[in-house]
Structure formats: C-alpha cells, structure tokens
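# Coordinates in review
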Amino acid sequence: ANASKALVINLNMSTPPTPEEIKMVFDQFDADGSGSIDAKEIANASKALGFELTQAEVDAIIADTDADGNKKIDYKEFENAILK
C-alpha cells in the first residue's frame, strides 16, 4: 500500500476529492502555514487522526511523495499523491 494514501483516510471516497478538499486537508497538515509539510507535521497530523506513525513510516511517506528531494511535501506533491 502507498504510505502517503494512509495519511488521508478522511478522503477515502468513491469519487476523487475536489481541489478544495485536497487543499483543506493539506492546510490541516501544514500546521505552521509554511506551504510545505515536514516530518514533524506528518507525525502530528497522524496522531490527530488517531494513529501514530513510526519515524520509518514518516520517512517512507516523505520518500514516496517528495518529488524534489527537499524532505518536505509541497502542495503539488501532496495533490499528486492523493490523486494517483
């Protein structure tokens, strides 16, 4: 299973999410409003969703999703992961 898909359990719908829904979830993860999601924000968001990820799982999510290799997930990378 794609680890990045596990992050957005609340987007598990029968139809693809709208851009507004994707942005809403991204903004929930991007706690500091920086425009990207880092490892700490992924870990905190997963806790808020009711499950705790190991550091290895967080690292795998970033590796699966981070297209530019900066160790953060920007909006476009997040959107691409959701829609794949």
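Reading the values: the criteria
By convention here, each chain's residues receive numbers from 1 onward along its written sequence. It should be noted that, the model being predicted, local features are given only for residues of pLDDT at least 70 and side-chain atom pairs only at 80 or more, the latter also being counted only at that level, while totals for whole chains, interfaces and linings use all residues. By convention in this description, side-chain values take in all heavy atoms of the structure and omit both hydrogens and water. We count a stretch as a helix when DSSP gives it H or I for four or more residues in a row; a strand needs E for two or more, and each element gets its number in order from the N terminus. Here the accessible surface of atoms and residues is derived via Shrake-Rupley with a 1.4 Å probe, and residues count as covered only by protein chains that are part of the display. Ring pairs are drawn from Phe, Tyr and Trp, using the six-membered ring of Trp, whenever the two centres fall within 6.5 Å, and their geometry is named by plane angle: stacked under 30 degrees, edge-to-face over 60, tilted for the rest. With a 1.4 Å probe rolled over the protein chains alone, any residue whose accessible area is under 20% of its type maximum counts as buried; one over 50% counts as exposed, and the rest are partly exposed. We call a charge positioned above a ring when the Lys NZ or Arg CZ atom is no farther than 6 Å from the ring centre and deviates by at most 35 degrees from the ring normal. The quantity known as pLDDT measures the predictor's confidence residue by residue, on a range of 0 to 100. Throughout, a contact is declared for two residues whenever any of their heavy atoms are within 4.5 Å. Two N or O atoms form a polar contact when they lie within 3.5 Å of each other; inside protein one atom must be a possible hydrogen donor and the other a possible acceptor, and for residues adjacent in sequence the pair counts only when both atoms belong to side chains. By the counting rule applied here, Lys and Arg register as positive and Asp and Glu as negative, while His and the ends of each chain are not counted. Any carboxyl oxygen of Asp or Glu within 4 Å of a side-chain nitrogen of Lys or Arg constitutes a salt bridge here.

This part is about the overall build of the protein chain. A count of helices and strands for the protein chain gives five helices and two strands. Of the accessible surface of the protein chain, which amounts to about 5,000 Å², a share of 55% is contributed by carbon and sulfur atoms.

Before going further, it helps to spend a moment on the packing of aromatic side chains. The relative placement of two aromatic rings is captured by the distance of their centres and the angle of their planes. Within the structure shown, the criterion is met by three aromatic pairs. Between Phe-26 and Tyr-75, the aromatic rings sit 5.3 Å apart at their centres with planes inclined by 90°, giving edge-to-face as the arrangement. Here the residue Phe-26 occupies a position in helix H2 (residues 19–29), and Tyr-75 occupies one in helix H5 (residues 75–83), the gap between them amounting to 49 residues. Here Phe-26 falls in the buried class, since its relative accessible area comes to 1%. In textbook terms, an aromatic cluster arises when at least three aromatic residues are bridged by ring pairs, as seen for Phe-26, Phe-29, Tyr-75 and Phe-78. One residue, Lys-23, lies across the ring of Tyr-75, its end atom 5.7 Å from the ring centre.

Attention now goes to the confidence of the model for the protein chain. Do not read the predicted coordinates in detail wherever pLDDT is low. Residue-level pLDDT values for the protein chain average 86, and 83% of them are 70 or greater. This model gives residues 1–11 a pLDDT under 50, and the stretch forms 28 contacts once residues within four places in sequence are excluded.

Moving on to H5. Those residues of H5 not exposed but buried are Glu-77, Phe-78, Glu-79, Ala-81 and Ile-82. The opening residue of H5 is Asp-74, an N-cap whose side-chain oxygen sits 3.1 Å from the backbone nitrogen of Lys-76.

What follows concerns the side chain of Glu-77. Among the secondary structure elements, Glu-77 is positioned in helix H5. Within the buried core, Glu-77 has no salt-bridge partner, and the shortest N-O distance to an opposite charge, that of Lys-72, equals 10 Å. Aside from chain neighbours lying at most four places away, what touches Glu-77 is Thr-65, Asp-66, Ala-67, Asp-68 and Lys-72.

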